[in-house]
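Residue-level structural notes
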Amino acid sequence: MPQFHTLKIKEIVKETFNAVSILFEIPEDLKKTYSFIAGQYVTVKAKINNETVRRAYSICSSTKSGELRIAVKAIEKGIFSNYAYTNLSVNDTLEVALPEGSFKLKTDKNNLKSYLGFAAGSGITPIFSMIKSVLENEPKSTFTLIYGNKTAKETIFKKELDALAKKFIARLNIKYVLSQEKVEGTRFGRIDKATTNYIVREKFNHLSFDEVFLCGPEEMIKTVSTTLTEDGFLKKSIHFELFVSSADTKKVTNNDGLSEITVLVDDEETTFSMDKKDTILAASLRHNLDAPYSCQGGVCSSCMCKVTVGKAVMTSNSILTDSEIEEGLVLACQAHPVTDTIAVDFDDV
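**Let's talk about the environment of N82**
Within the element layout of this structure, N82 appears in helix α1 (residues 79–86). In the structure, N82 is positioned 10 residues away from V72 in sequence and 8.8 Å away in space, judged by C-alpha atoms. Among all residues touching N82, those that are not within four sequence positions of it are A74, I75, K77 and N87. Of note is the side chain of N82, whose polar atom sits 2.7 Å from the backbone oxygen of I75.

**Here's the deal with the pattern of salt bridges**
One pass over the full model with this rule turns up 11 salt bridges. Measuring nitrogen to oxygen at the nearest pair gives 3.5 Å for the salt bridge that ties E218 to K222. Here E218 and its partner K222 are both found in helix α5 (residues 218–230), four residues apart, which amounts to about one turn of the helix.

**A word on the state of the cysteines**
Overall, the coordinates contain zero disulfides when judged by the stated rule. Of all cysteine sulfurs, the one in C215 lies closest to C60, which takes part in no disulfide; the gap is 12 Å. Judged by its relative accessible area of 1%, C60 is buried.

**What to know about the pairing of strand β11 (residues 211–217)**
Across the seven residues of β11, six count as buried, placing the element largely inside the fold. Inspection of the sheet shows strand β7 (residues 114–120) paired to β11 by five bridges, in the parallel sense. Bridge pairing in β11 links A119 to C215.

**Topic: the packing of helix α2 (residues 124–137) against helix α3 (residues 158–167)**
Contact geometry of α2 with α3 gives a least axis separation of 12 Å together with a crossing angle of 25 degrees. The angle between α2 and α3 falls in the class roughly parallel. Handedness of the crossing formed by α2 with α3: left-handed. Residue-level inspection shows I124, F128, I131, K132 and L135 of α2 in contact with α3, the latter providing E160, L161 and L164. Across the contact of α2 with α3, the residue classes tally to six nonpolar, no polar and two charged.

Cut-offs applied
- Residues numbered from 1 in each chain as written.
- Predicted model: local features only at pLDDT ≥ 70, side-chain atom pairs only at ≥ 80, totals over all residues.
- Heavy atoms only, no water.
- Helix = DSSP H or I, 4+ residues; strand = E, 2+ residues; numbered from the N terminus.
- Contact = heavy atoms within 4.5 Å.
- Polar contact = N/O pair within 3.5 Å; in protein donor to acceptor, adjacent residues only side chain to side chain.
- Salt bridge = Lys/Arg side-chain N within 4 Å of Asp/Glu carboxyl O.
- Disulfide = S-S within 2.5 Å.
- Buried < 20%, exposed > 50% of the residue type's maximum accessible area, 1.4 Å probe, protein only.
- Pairing = 2+ DSSP bridges.
- Axes fitted to C-alpha atoms, helices over the stretch in contact; angles between N-to-C directions.
- Parallel < 35°, antiparallel > 145°, perpendicular 65-115°, else oblique.
- Left-handed = near helix turned anticlockwise from the far one by under 90°.
- Nonpolar A, V, L, I, M, F, W, Y, C, P; charged D, E, K, R; others polar.

Laid out in structure tokens, this is it:
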């Protein structure tokens, strides 16, 4: 279960015309608690217009920095993202959960690896943490970044990335890809099959990549993953995290009527009736249960729970593996009960 602490904002940096990074002040007694692995995220909670809003944001600090910084890109109709960009100030506070997430790169000073990263837009956030952590903690390893944006001015962390590439000239390679602007030294277009093949077959064909990390829209991740496997990359070496899901939704049948559900959360069981057309998460929240969640869009794993009695079907899933689903794990924000009785456990996941 996510554990929140009230953290003060130490610094806000306007990274681009529509994105800010937020540095939190971590009290000395909580510094170990907020330690993280590069690639992980935190869930932030705030009350905006009398509505409690939770959102998940990847950490962009390096593991060695002692900092906890996230980046937030304002999006159309984004309740928290626009609030963060326009309203938050230094010394304001936010409720911040402990770091979590399975998209991570564990560094080891003895590693001799060549990493490849693909990021689009704000998908750079966890990749940026990985890059800095590798450069600081693995002196024998290299990192190659392919970073897509619409224009150069929308490229989050560009100044810092260029500075790192200059400092670690033999260990950090960066190729920018711009879809709406032609700039010398960048590739015009999108991170698609042609760009992926260009990177691994031509531009960096002298490198043998050990692991690949992808972060961005699902379409990009699917295209790059498929292309890389066609080029001989092992599936187990390709890791990804979605920032936006375009997964096809599944129509749930046998979802008429009510289901009696028992929810175990924070060691307490609560039983109530819910409409089978409703999601387990939405029904739990309406019954004032403190079920964990962040994005509510099926692109993070915060609301994962285990079905221990009965059966639930997810309308969309871009995260859980087939083996995890066989174990009974579901994303509560996408899961609908299809049996008259069901029990779910948020604690044992």
